[in-house]
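# Chain and residue survey
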Amino acid sequence: MGDLKQTVFHDLHVELGAKMVPFAGYSMPVQYPLGVMKEHLHTRAAAGLFDVSHMGQVLLHGNQAAAALETIVPVSILALKEGRQRYALFTNEDGGILDDLMVANRGDHLFLVVNAACKEADIAHMQSTIGGDCEIEVIEDRALLALQGPAAEAALSALLPAAADMKFMDVLVADTDYGPLWISRSGYTGEDGYEISVLNDQAVAFARFLLAQDGVEPIGLGARDSLRLEAGLCLYGNDIDRTTSPAEAALEWAVQKIRRTGGDRAGGFPGADRILTELDNGASRRRVGLLPQGRAPMRAGTAVFADETSETPIGTITSGAFGPSIQGPMSMGYVPTEFATTGTTVYAEVRGKRLPATIADMPFRPSTYKR
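Residues numbered from 1 in each chain as written. Predicted model: local features only at pLDDT ≥ 70, side-chain atom pairs only at ≥ 80, totals over all residues. Heavy atoms only, no water.

This part covers the overall build of the protein. The helix and strand tally for the protein stands at eight helices and 20 strands. Along the first, second and third principal axes, the C-alpha set of the protein runs to 65 × 50 × 40 Å. Burial statistics for the protein: of 371 residues in total, 57% are counted as buried. Partitioning the contacts of the protein with sequence separation of at least 6, the portion at a separation of at least 24 is 66%. By element, 50% of the accessible surface of the protein is carried by carbon and sulfur atoms, the whole surface being about 15300 Å². In the protein, the 32 positive side-chain charges and the 46 negative ones have mean positions that sit 5 Å from each other. (Helix = DSSP H or I, 4+ residues; strand = E, 2+ residues; numbered from the N terminus. Buried < 20%, exposed > 50% of the residue type's maximum accessible area, 1.4 Å probe, protein only. Contact = heavy atoms within 4.5 Å. Areas by Shrake-Rupley, 256 points an atom, 1.4 Å probe, with all protein chains shown as cover. Lys, Arg positive; Asp, Glu negative; His and termini not counted. Charge placed at Lys NZ, Arg CZ, Asp CG, Glu CD.)

As a further point, take the sheet that holds strand β5 (residues 56-61). With antiparallel pairing, the five strands of this open sheet are ordered in space as β6-β7-β8-β5-β9. A single partner strand is all that each edge strand has here, and the edge strands are β6 (85-91) and β9 (135-138). Strand after strand, the sheet turns through a mean of 30° between neighbouring axes, direction not considered. Docked against the sheet, helix α4 (residues 119-129) engages β5, β6, β7 (97-105), β8 (109-114) and β9, running at close to 15° with respect to β5. (Pairing = 2+ DSSP bridges. Axes fitted to C-alpha atoms, helices over the stretch in contact; angles between N-to-C directions.)

Right, let's get into the nonpolar core. Within the largest apolar cluster, 30 residues are counted, with the highest numbers of intra-cluster contacts made by L147, L156, I196, F206 and L210. Going through the elements one at a time, β4 (47-51), β10 (142-148), α5 (152-157), β12 (179-184), β13 (193-199) and α6 (200-211) are the ones with two or more residues in this core. Ranked by residue count, the leading element in this core is α6, at six residues. For F206, the contacting residues outside a window of four places in its chain are L145, L156, L159, Y178, L181, I196 and V198. (Core = buried A, V, L, I, M, F, W, Y, C linked by side-chain atoms within 4.5 Å.)

Packing of helix α2 (residues 36-45) against helix α7 (residues 221-230) leaves a shortest axis separation of 8 Å and a crossing angle of 55°. Regarding the angle of α2 to α7, the classification is oblique. Our pair here, α2 against α7, has a crossing hand that is right-handed. Across the interface between the two elements, V36, E39, H40, T43 and R44 from α2 touch G222, A223, S226, L227 and E230 from α7. Among the residues making up the contact of α2 with α7, the classes are represented as three nonpolar, four polar and three charged. (Parallel < 35°, antiparallel > 145°, perpendicular 65-115°, else oblique. Left-handed = near helix turned anticlockwise from the far one by under 90°. Nonpolar A, V, L, I, M, F, W, Y, C, P; charged D, E, K, R; others polar.)

Attention now moves to the layout of surface pockets. Taken as a whole, the second largest pocket holds about 350 Å³ of empty space. If you trace the second largest pocket, you find 18 residues lining it, with Y26, S53, K119, I139 and E140 closest to the centre. For the lining of the second largest pocket, the elements supplying multiple residues, two or more each, are β1 (5-6), β5, α4 and β10. No other element matches the three residues that α4 contributes to the lining of the second largest pocket. The residue inventory of the lining of the second largest pocket, partitioned by class, reads seven nonpolar, six polar and five charged. (1 Å grid on protein atoms, 1.4 Å probe; cavity = no way out; pocket = protein on both sides within 12 Å on 5 of 7 lines; lining within 4 Å. Points joined across faces, edges and corners; volume = space filled by probe spheres on them.)

In C-alpha cells form, the structure reads like this:
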C-alpha cells in the first residue's frame, strides 16, 4: 500500500473503520463496518457518501472548446445547454472506447470528469488532439464526493437549499460555508443524488457535515460496484474498452441524431466509419443483462455458451455479482446479436457446471433519477 496515492479523505476513511484496498493506483475504501450488503441497501433506502476523488477533473477553456471536443467524441457538445451535463465517450480510430466521461457546460468553459484508471491517458489524448484549440486545465486542488440515495436531496439542501431545485444532469456552482462547490445532479448508482467537487482544504469538513445529516452513511467501492451493476451501468475496463464500440456496448443513446448519418454534424470523430455503420445496421455482438437461474453469481471472465453441450463459447460475462436489492445474482456481458433478445436462455460455466441464465433488460432495478 506504500506506493499508492491517497485522496484527501484517507485519514477520515481510516477513522471511520474502512477496509482500504488498492484501486486505480489509489488506496481506497472497499467497505466500512456496516458491510457491503448493508451499505448497498442503505444507499437505496437513505443516502450513501462515496469518495470518488481518484477520478480526474478537467476544465476546457476557450470559444472553440465545444467544437474541439466534438472532434474526439461522437456526442453533441455544441448543443449542450449551459447548466447541463452529458455522458460522452472518447473513441479511437478503430471505433473502440478509450474512456467514458461526463461533460458539463458551465458557460464560458466545459467541466469534464474522467475515470481514475484512464485520466493520465485521457489528458494526454486531449492535449495531443485538441490542445491547440482550447486550454486544458487539470484540476489538482479539488476532491470529489458522490452523495447518492433518496435522502441525498435533504442532506445537501440543509447546506444549500438551491440543490433541491436541480433536476437530473443539471449542474450548479454555488458559494457555501465550505467554499465554492461544483455540483451535478448525477451519479453512478441508479439513485437520485449529486456529485460534488470541493476544495481540498474544505473537503474533510464538508464530508463530516454531510455524514452528520440524517440517513447519510459512508459507502465503499464494494457497494458502489453492486449498485452500478443493478443500474445496468458500465465499468470501464470491464464492460467497455478500446475494442468495444458504442453500438456493441448498447450505448447508442449516447450518440445524438445530429452526430449520426444524415445529421448536420455527422461523423468527424475517431472511428466514425465503424461507429456510424453499426449505429445504422447493428453490431455483430451486444452487451446484455443476464439473470442466472439459481443463486450462484456468474462473474467477470465466465464463458457463455449457446446450450448445455457446445464446446465453443459464444460470449463472455464482463461483470457479475449478487444484487442485494433484487435478491439474486445478476451479470452483464456480450453475446452475438442473435442471442441478445430478452428472454433468451444461454448457459455459463460456473465451477465446472453449465448453468442457465436468461437474457434480461437493464437496469435490473428501476432507476430513481429526479427528472
